Amino acid sequence: MKKECIAMLLAGGQGSRLYALTKDVAKPAVPFGGKYRIIDFPLSNCINSGIDTVGVLTQYSPLELNDYIGDGTPWDLDRQNGGVHILPPYQSNTGSVWYLGTANAIYQNIRFIERYEPEYVLILSGDHIYRMNYDDMLRQHKKTGADCTIAVIDVPLAEASRFGIMNIKPDGSVYEFEEKPARPKSTLASMGIYIFTWEKLRAYLEADAARETAHDFGKNIIPDMLGDGCHLHTYLFEGYWKDVGTITSLWDSNMDLIADKVPFDLWDDSWRIYSRNPNMPPQLVGAHAEIDDSVISEGSVINGRVSFSVLFPDVLVEEGAEVVGSILMPGTVVRSGARVQYAILAENVTVESGASVGSAPGGDGWSVAVIGQNVRVKEGESIPPAAMIYGERR
């Protein structure tokens with residue numbers, strides 16, 4: 001059945017800047033906010049915006065992400081006509097090849113897109129935390145008659161050189177695109193969210209596939225369209241948006257949930273974020289527990305002290321243990337007498353009695369300590385700030 005607009009969600013990235021957290025997991029599958037995965041945000045935005053057909057393009061370590069998405073039921077995307085579809089690279093009669101870039105990933109799935117005969121295609125990234133009504137963006141795209149509409153956010157001038165920057169005319173149309181400029185002319189940063197008129201995009205994807213390029217939207221498709229005089233327009237987004245592609249940004253965005261003035265309110269029922277729930281019993285707070293300014297999820301048992309932290313399901317903090325300014329992902333255990341400060345502990349980490357991980361901010365080179373999946377911090381061991389521990393340990 002024909003769809004006016006479908007979404008293609010790029011979720012195949014390794015997320016190398018998250019180091020230990022993405023050693024065996026694709027970045028969109030990284031846990032966030034006590035009960036979510038990063039990919040919950042674009043999927044929820046889609047269904048809340050009335051977009052019920054989503055292709056999820058996977059590549060790096062896709063098993064956990066595939067299992068998590070499943071048939072799409074948590075996001076109401078278990079549809080006979082449309083719904084969510086996992087789209088890994090595949091072998092055809094002309095051979096097989098990995099996705100060579102963001103544009104090539106879409107090019108390799110032209111047949112999927114054309115099953116729905118869309119007029120418009122929404123391109124999304126699977127590693128951002130935000131709420132956005134894509135239907136508002138689509139309405140503007142149609143109203144302006146643009147070939148491509150690019151979501152932008154106003155960033156501080158000091159940070160603008162980290163982003164692709166859109167230089168625009170007074171009417172919002174783009175006259176120049178600069179990729180991470182040393183001296184930016186504006187502060188309108190591309191969010192990596194695009195709406196294309198499909199016929200136009202298909203032509204540029206096919207032309208790009210026939211050449212030796214990076215096969216990337218930001219490096220090739222957008223500059224090519226701009227150079228050819230296509231109508232590119234910006235859509236200014238003014239809400240909360242965080243690229244959680246680094247350890248610091250992931251920690252910051254989790255801490256934003258429990259800040260004095262919450263900049264991103266997950267408890268806002270007007271635009272719910274849906275997730276696959278673990279079906280665990282309620283959290284248990286023991287008689288000797290001390291908790292302040294923290295998120296504690298189902299299945300967790302707290303008998304120690306937890307302050308300004310985000311705890312995912314099935315976390316155990318024993319009596320006499322202390323957790324401060326930290327993120328504890330599902331299945332983490334902190335034994336009696338252990339101390340975790342300003343750290344991120346991945347799934348199924350155990351911190352044994354008397355051990356310490358991280359420290360309060362201070363000193364040159366200080367950063368959040370990170371412990372990867374299934375690591376055991378030995379009894380009495382001390383893990384310093386900025387440490388990155390993962391893999392098998394003796």
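The structure we're discussing is the one just above.
Residues numbered from 1 in each chain as written. Predicted model: local features only at pLDDT ≥ 70, side-chain atom pairs only at ≥ 80, totals over all residues. Heavy atoms only, no water.

Novice: Can you lay out the overall build of the protein for me, pointing to particular residues and giving the numbers?
Specialist: Check the secondary structure of the protein and you find 8 helices and 33 strands. Radius of gyration (C-alpha) of the protein: 22 Å, near the 21 Å computed for a compact globule of 394 residues. The principal-axis extent of the C-alpha atoms belonging to the protein is close to 65 × 50 × 40 Å. Counting the 394 residues in the protein, one finds 54% classified as buried. In the protein, the proportion of contacts linking residues at least 24 apart, taken out of those at least 6 apart, comes to 58%. Accessible surface, the protein as shown: approximately 17300 Å² in total, 46% of it carbon and sulfur. When the 34 positive and 51 negative side-chain charges of the protein are each reduced to one mean point, those points stand 3 Å apart. (Helix = DSSP H or I, 4+ residues; strand = E, 2+ residues; numbered from the N terminus. Rg over C-alpha atoms; globule rule 2.2 N^0.38 Å. Buried < 20%, exposed > 50% of the residue type's maximum accessible area, 1.4 Å probe, protein only. Contact = heavy atoms within 4.5 Å. Areas by Shrake-Rupley, 256 points an atom, 1.4 Å probe, with all protein chains shown as cover. Lys, Arg positive; Asp, Glu negative; His and termini not counted. Charge placed at Lys NZ, Arg CZ, Asp CG, Glu CD.)

Novice: An account of the nonpolar core is requested, with residue identities and associated values reported.
Specialist: Among the nonpolar cores identified, the biggest contains 41 residues, and Leu43 and Met132 are the most heavily contacted of them. Listing elements by their share of this core, those giving two or more residues are strand E1 (5-10), helix H1 (40-48), strand E4 (53-57), helix H2 (63-69), strand E8 (120-125), helix H5 (134-144), strand E10 (148-154) and strand E13 (188-197). For this core, the leading source of residues is E13, giving 4 residues. Residues within four places of Leu43 in sequence aside, it is in contact with Leu9, Val54, Val56, Ile69, Trp75, Leu77 and Val84. If you look at the next biggest cluster of nonpolar residues, it comprises 35 residues, including Phe112, Tyr116, Phe217 and Cys230. (Core = buried A, V, L, I, M, F, W, Y, C linked by side-chain atoms within 4.5 Å.)

Novice: If you had to explain the packing of helix H6 (residues 198-209) against helix H7 (residues 217-227) to someone new, which residues and values would you point to?
Specialist: The N-to-C vectors of H6 and H7 enclose an angle of 120 degrees; their axes lie 11 Å apart at closest approach. As far as their axial angle goes, H7 and H6 are oblique. Considering only the axes of H6 and H7, their crossing is right-handed. Here Lys200, Leu201, Tyr204, Leu205 and Asp208 of H6 come into contact with H7, specifically with Phe217, Asn220, Ile221, Asp224 and Met225. (Axes fitted to C-alpha atoms, helices over the stretch in contact; angles between N-to-C directions. Parallel < 35°, antiparallel > 145°, perpendicular 65-115°, else oblique. Left-handed = near helix turned anticlockwise from the far one by under 90°.)

Novice: Now, about H7: what can you tell me, with residues and values included?
Specialist: For H7, every residue scored as buried is listed here: Phe217, Gly218, Asn220, Ile221, Ile222, Met225 and Leu226. Two or three places before Gly218, at the opening of H7, Asp216 has a side-chain oxygen 2.9 Å from that residue's backbone nitrogen. Residue Gly229 follows H7 closely and has a positive phi angle near 85 degrees. (Polar contact = N/O pair within 3.5 Å; in protein donor to acceptor, adjacent residues only side chain to side chain.)

Novice: Let's hear about the sheet that holds strand E26 (residues 339-341): which residues, and what values?
Specialist: Hydrogen bonds between backbone groups are what pair the strands of a sheet, and the pairing can be parallel or antiparallel. Strand order in the open sheet made by the 6 strands is E17-E20-E23-E26-E29-E32, with parallel pairing throughout. Lying at the two open borders of the sheet, with one neighbouring strand each, are strand E17 (290-292) and strand E32 (382-383). Here E26 runs beside strand E29 (residues 356-357); their pairing, made up of 2 bridges, is parallel. Bridge pairing in E29 places Arg339 opposite Ser356. (Pairing = 2+ DSSP bridges.)

Novice: How would you sum up the environment of Ser356? Please name residues and give values.
Specialist: Residue position: Ser356 is located in strand E29. Each C-alpha atom of the pair Ser356 and Ile383 lies 6.0 Å from the other, and the pair is 27 residues apart in sequence. Ignoring sequence-local partners within four residues, the contact set of Ser356 consists of Arg339, Glu381, Ser382 and Ile383.

Novice: Go over the packing of aromatic side chains with me, naming the residues and quoting the values.
Specialist: Taken as a whole and judged by the stated rule, the model has 14 aromatic pairs. For the ring pair Tyr68 and Trp75, a centre distance of 5.7 Å and an interplane angle of 65 degrees mean the geometry is edge-to-face. By relative accessible area, Tyr68 is classed as buried at 10%. The exposure class of Trp75 is buried, given its relative accessible area of 1%. In this structure an aromatic cluster arises from ring pairing among Phe32, Tyr36, Phe41, Tyr240 and Phe264. (Phe/Tyr/Trp six-rings, centres within 6.5 Å; stacked < 30°, edge-to-face > 60°.)

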